[in-house]
Amino acid sequence: MEHREFDIMLADENTHWWYRARFRLVDHCLDALFPKTGNSMILDMASACGANFDHYAGYGTIVGLDIAKEAIDFCRGKGINRIVRGDAHYLPFSNDVFDGVFALDALEHFKDDAQVLTELHRVMSKNGLIFITLPAFLCLWSQHDEAFHHSRRYSIKDIKNKLTKAGYELIFATYWSFFLFIPALIFRKIRDISRAFRKSKAKPVSDFNTNIPSWMSLMLDHLARVEAFFIKRKIFFPFGVSLMCVAKKI
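Since this is a predicted model, take the numbers as computed values, not measurements.

Novice: When you look at the pattern of salt bridges in this model, what are you seeing that I'm missing?
Specialist: Proximity of charged atoms lets side chains of opposite charge pair with each other. The final tally for this structure, using the stated rule, is 13 salt bridges. In this structure, the salt-bridge partner of Lys249 is Asp96, at a minimum N-O distance of 3.1 Å. Of this pair, Lys249 sits in strand E7 (residues 242–249) while Asp96 sits in the loop between strand E3 (83–85) and strand E4 (98–104); the two residues are 153 residues apart in sequence, bridging distant segments of the chain. In this structure, the salt-bridge partner of Asp207 is Arg191, at a minimum N-O distance of 3.0 Å. In this pair, Asp207 sits in the loop between helix H8 (181–197) and helix H9 (214–232) while Arg191 sits in helix H8, placing the two residues 16 residues apart along the sequence. Take Asp207: its relative accessible area is 22%, and that puts it in the partly exposed class. The exposure class assigned to Arg191 is buried, which follows from its relative accessible area of 16%.

Right, here's the structure in full:
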């Protein structure tokens, strides 16, 4: 991702409404599907600023992986030592090591996501679970994706097919940020058209660069909580800005 996006992530990863919404959904899936014994081995793929280490410490021993030197240096500066620098296409781990994997907004960054899924399958133990969040729907593609160096956006059908081919069984899937789909689509298209009209040569910027008033952040957080309320009751959404799924190694 662009360096300034990394700086924004440092400031936002524990406080921004969107990250809180993602934590909320992953927490729900973990509580429902993953035993909280504290003895599990968990791989945090693309650890970035290391927020998952603190948030999910109670579920087991977390080992991080990231290809960016900035991420490794920052995590180690926080006292996180169980993190290695490496390419997810060729994971530096033995077979059948991890009971769980976090691939939270990670797969879209890789040139060959199918190979990454195959590698993750190799290092996971039998019946291990992978928790995945992804940007959804190609129609939402914008400079937000360019700023984060995304390679693609997904539908549930897309990721299900790739998981099945890599040897997983999909056991949970939903879109989220449903209420923001139309506003996000309009906002991104207007911003991209404006940028093209001005023939701007500035580097692309993500949605996280947009300053929003506190009342709007609070409103977005409440909308995310409403979505989580329905998802926890197995009432899923037909589309959204993002998607989440959980799959099992078979």
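Novice: I'm lost on the pairing of strand E1 (residues 40–45) in this one. Help?
Specialist: Consecutive side chains of a regular strand alternate in pointing toward one face of the sheet and then the other. Across the six residues of E1, five count as buried, placing the element largely inside the fold. In the sheet, E1 pairs with E4 via three bridges, with the strands oriented parallel. When the bridges of E4 are listed, Ile42 appears paired with Gly100.

Novice: Where do I start with the sheet that holds E7 in this structure?
Specialist: Backbone-to-backbone hydrogen bonds join strands into a sheet, with any given pair of strands oriented parallel or antiparallel. Strand order in this open sheet of seven strands is E3-E2-E1-E4-E5-E7-E6, and the pairing throughout is mixed. Bordering the open sheet on either side are E3 and strand E6 (168–176), each of which pairs with just one other strand. When the angles between neighbouring strand axes are averaged without regard to direction, this sheet yields 15°. Where E6 meets E7, eight bridges bridge the pair, whose relative direction is antiparallel. Paired with Leu170 across the two strands is Ala247, which belongs to E7.

Novice: Please clarify how the packing of helix H5 (residues 113–123) against helix H7 (residues 156–166) should be interpreted in this entry.
Specialist: Any two packed helices are characterised by the angle at which their axes cross and by the distance between the axes. At their nearest, the axes of H5 and H7 sit 9 Å apart, and the two run at 45° to each other. One finds that H5 runs oblique with respect to H7. The two elements H5 and H7 cross, and the hand of that crossing is right-handed. Within the contact between the two elements, H5 uses Asp113, Leu117, Thr118 and His121 and H7 uses Ile159, Lys162, Leu163 and Ala166.

Novice: Explain the packing of aromatic side chains here, please?
Specialist: Aromatic ring pairs: the centre-centre distance and the angle between the two ring planes describe each pair. For the structure shown, the criterion picks out 22 aromatic pairs. Judged by centre distance (5.7 Å) and plane angle (85°), the rings of Phe137 and Phe181 are edge-to-face. A residue pair is termed long-range when its members are at least 10 positions apart, and Phe137 in the loop between strand E5 (124–135) and helix H6 (143–147) and Phe181 in helix H8 qualify at 44 residues. Judged by relative accessible area, which is 9%, Phe181 ranks as buried. In this structure an aromatic cluster arises from ring pairing among Phe137, Tyr175, Phe178, Phe179, Phe181, Phe229, Phe230, Phe237 and Phe239. The ring centre of Tyr59 lies 5.0 Å from the NZ or CZ of Lys36, which sits over that ring. Sitting above the plane of the Phe229 ring, Arg233 keeps its charged end 3.8 Å from the centroid.

Novice: Would you mind showing me how to read the environment of Lys234 here?
Specialist: Tracing the sequence through the fold places Lys234 in the loop between H9 and E7. Separated by 62 residues in the primary sequence, Lys234 and Phe172 have C-alpha atoms spaced 9.6 Å apart.

Novice: Help me understand H7, please; the structure alone is not making it clear to me.
Specialist: Residue pairs spaced three or four apart in an α-helix point in one direction, given the helix's 3.6 residues per turn. Every buried residue of H7 is accounted for by Ile156, Ile159, Leu163 and Ala166. On an axial view of H7, the arc spanned by its buried residues comes to 100°, and they lie on one face. Residues of H7 that are exposed and point over 90 degrees away from its buried face: Lys157 and Lys165. Buried residues in H7 make contact with H5, E5, E6 and E7.

Calculation rules
Along each chain, residue indices are assigned from 1 in the same order as the chain's sequence is written. Given that this is a predicted model, residues contribute local features only at a pLDDT of at least 70 and side-chain atom pairs are listed and counted only at 80 or more, while totals for whole chains, interfaces and linings are drawn from all residues. As a convention, hydrogens and water are excluded, and side-chain values are obtained from all of the structure's heavy atoms. In what follows, salt bridge is the name for a side-chain nitrogen of Lys or Arg lying within 4 Å of a carboxyl oxygen of Asp or Glu. Going along the chain from the N terminus, every DSSP run of H or I of four or more residues is numbered as a helix, and every run of E of two or more is numbered as a strand. For every residue, the accessible area (1.4 Å probe, protein chains only) is compared with the maximum for its type, and the residue is labelled buried under 20%, exposed over 50%, or partly exposed between those bounds. Pairing between two strands requires that DSSP report at least two bridges joining them. Helix axes use the C-alpha atoms of the stretch in contact, all axes being lines fitted to C-alpha atoms, and the angles between their N-to-C directions lie in the range 0 to 180 degrees. Small angles under 35 degrees read as roughly parallel and large ones over 145 as roughly antiparallel, with 65 to 115 read as roughly perpendicular and the rest as oblique. In this scheme the handedness of a crossing depends on how the near helix is turned from the far one: anticlockwise by less than a right angle means left-handed, clockwise means right-handed. By definition, residues are in contact when any of their heavy atoms lie within 4.5 Å. Pairing of aromatic rings covers Phe, Tyr and Trp, the last counted by its six-membered ring, and requires centre-to-centre distances within 6.5 Å; plane angles under 30 degrees mean stacked, over 60 mean edge-to-face, and any other angle means tilted. Placement of a charge over a ring requires the Lys NZ or Arg CZ to be within 6 Å of the ring centre, with the centre-to-atom vector within 35 degrees of the ring normal. It is the directions from the helix axis to the C-beta atoms that the arc portrays.

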